[in-house]
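Examining the three-dimensional arrangement
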Amino acid sequence: TKLYEECRESEAPAQHVQFKYGVALGKSRRVREALALFKQMEKEEPKNALLLHHIGILLAGSGRPLEALDYCRRALALSPDRARLWDGLGFAHLKIRKYPEAAKAFLKAATLNPAFRDAWRHLLHAYHNGGERERLEGAKAYVQSAWPEQLARFEQEKGRELFD
């Protein structure tokens, strides 16, 4: 992939290149390889909140949401003001069908970063799957006005298993 080539040619520190490569593996659905790389990196950087977050997301997306919750919570304990980490916690809750908890986490992510489009789309899924029709309609109206492409993506994804 293009990102892999960029990583190979990068003059960045090895950890940074490994991290970018792990993200690229995850995006290309090579989850087992990405997890192996990130778990190895975790041994060297056990308090890297973003690394723990990515492990959590990969675990949640690969059918291991309870493990994912642990990683997401550990990441948040280290960096509670990062919207992406709250979105990860919400995603893990979404995977175990704890929709109210997922919605709370997505709302926290959106509060920390109101322009975080994925958090808003994920919130739509939490409301939809949790049967929160009134909240869903209100959130859909906002997302439609701010990012119509995110609402269209939600409508395409609705009822399907989310990977990201």
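Every value quoted in this text rests on a predicted model; they were computed, and no experiment measured them.

Averaged over all residues, the pLDDT of the chain equals 89, while 90% of them reach at least 70. Across the chain, helix 7 (residues 99–112) holds the top mean pLDDT of 98, while helix 1 (residues 2–9) sits lowest at 52.

Counting 45 residues, the largest nonpolar core has Phe38, Ile55, Leu94 and Leu124 as its most contacted members. If you tally residues by element for this core, the top one is helix 4 (residues 49–61), at seven residues. Apart from the residues within four sequence positions on either side, Leu124 is in contact with Leu136, Ala139, Lys140, Val143, Leu151 and Phe154.

Bringing the layout of surface pockets into the picture now. In this model, the second largest pocket occupies a volume close to 190 Å³. Broken down by secondary-structure element, the contributors of at least two residues to the lining of the second largest pocket are helix 6 (83–95) and helix 8 (117–129). Of the residues belonging to the lining of the second largest pocket, the class tally is three nonpolar, three polar and four charged.

Right, let's get into unusual backbone geometry. Trans is the prevailing form of peptide bonds, just as negative phi is the prevailing case for residues other than glycine. Unusually for a residue other than glycine, Arg29 sits at a positive phi of about 65 degrees. Here Arg29 lies in the loop between helix 2 (14–27) and helix 3 (31–44).

Relative to the helices and strands, Leu25 is located in helix 2. A C-alpha to C-alpha distance of 9.0 Å links Leu25 and Leu35, two positions ten residues apart in sequence. When residues no more than four places from it in sequence are discounted, the contact partners of Leu25 are Arg30, Val31, Glu33 and Ala34.

We now examine the packing of helix 4 against helix 6. Viewed as axis vectors pointing N to C, helix 4 and helix 6 meet at an angle of 20 degrees, and their least axial separation amounts to 9 Å. In terms of orientation, helix 4 lies roughly parallel with respect to helix 6. Between helix 4 and helix 6 lies a crossing of left-handed hand. Between helix 4, through Ala49, Leu50, His53, Ile57, Ala60 and Gly61, and helix 6, the contact on the second element is made entirely by Arg84, Leu85, Gly88, Phe91, Ala92 and Lys95. Taken together, the residues of the contact of helix 4 with helix 6 sort by class into seven nonpolar, three polar and two charged.

Attention shifts here to the pattern of salt bridges. A full pass over the atoms with the stated rule returns twelve salt bridges. One salt bridge connects Glu33 with Arg30, and the closest N-O pair in it is separated by 2.7 Å. Close ionic contact of Arg121 with Glu157 constitutes a salt bridge, the shortest N to O distance being 2.9 Å. Linking Arg121 in helix 8 with Glu157 in helix 10 (residues 148–157), this pair joins segments that are 36 residues apart in sequence. Both residues of the pair, Arg121 and Glu157, count as buried. Several salt bridges converge on common partners, so that one network encompasses Asp118, Arg121, Arg153 and Glu157.

Basis of the calculations
Note that residues are indexed from 1 along each chain, following the sequence as it is written. In keeping with the model being predicted, local features are shown solely for residues with a pLDDT of at least 70 and side-chain atom pairs are shown and tallied solely at 80 or more, while totals for entire chains, interfaces and linings include all residues. Computation of side-chain values: all heavy atoms of the structure, hydrogens and water removed. Confidence per residue, as judged by the predictor, is encoded in pLDDT with a range of 0 to 100. In this text, helices come from DSSP runs of H or I with a minimum length of four residues, and strands from runs of E with a minimum of two, each type numbered from the N-terminal end. Take the buried residues of types Ala, Val, Leu, Ile, Met, Phe, Trp, Tyr and Cys, join any two whose side-chain atoms come within 4.5 Å, and each joined set is a nonpolar core. The classification of residues rests on relative accessible area computed with a 1.4 Å probe and restricted to protein chains. Under 20% of the type maximum is buried, over 50% is exposed, and intermediate values are partly exposed. Residue contacts are counted whenever heavy atoms from the two residues lie within 4.5 Å of one another. The definitions used throughout rest on a 1 Å grid laid over the protein atoms alone, on which a cavity is an enclosed set of points accommodating a 1.4 Å probe that cannot get out and a pocket is an open set flanked by protein within 12 Å on both sides along at least five of seven lines; lining residues are those having an atom within 4 Å of a point. Grid points are joined across faces, edges and corners, and a volume is the space filled by probe spheres set on the points. Charged means Asp, Glu, Lys or Arg here, nonpolar means Ala, Val, Leu, Ile, Met, Phe, Trp, Tyr, Cys or Pro, and polar covers whatever is left, Gly included. Here, axes are lines fitted to C-alpha atoms. For helices the fit covers the stretch in contact, and angles between N-to-C directions go from 0 to 180 degrees. Our angle categories are set so that under 35 degrees counts as roughly parallel, over 145 as roughly antiparallel, 65 to 115 as roughly perpendicular, and the remainder as oblique. In this scheme the handedness of a crossing depends on how the near helix is turned from the far one: anticlockwise by less than a right angle means left-handed, clockwise means right-handed. By salt bridge we mean one thing: a side-chain nitrogen of Lys or Arg within 4 Å of a carboxyl oxygen of Asp or Glu.

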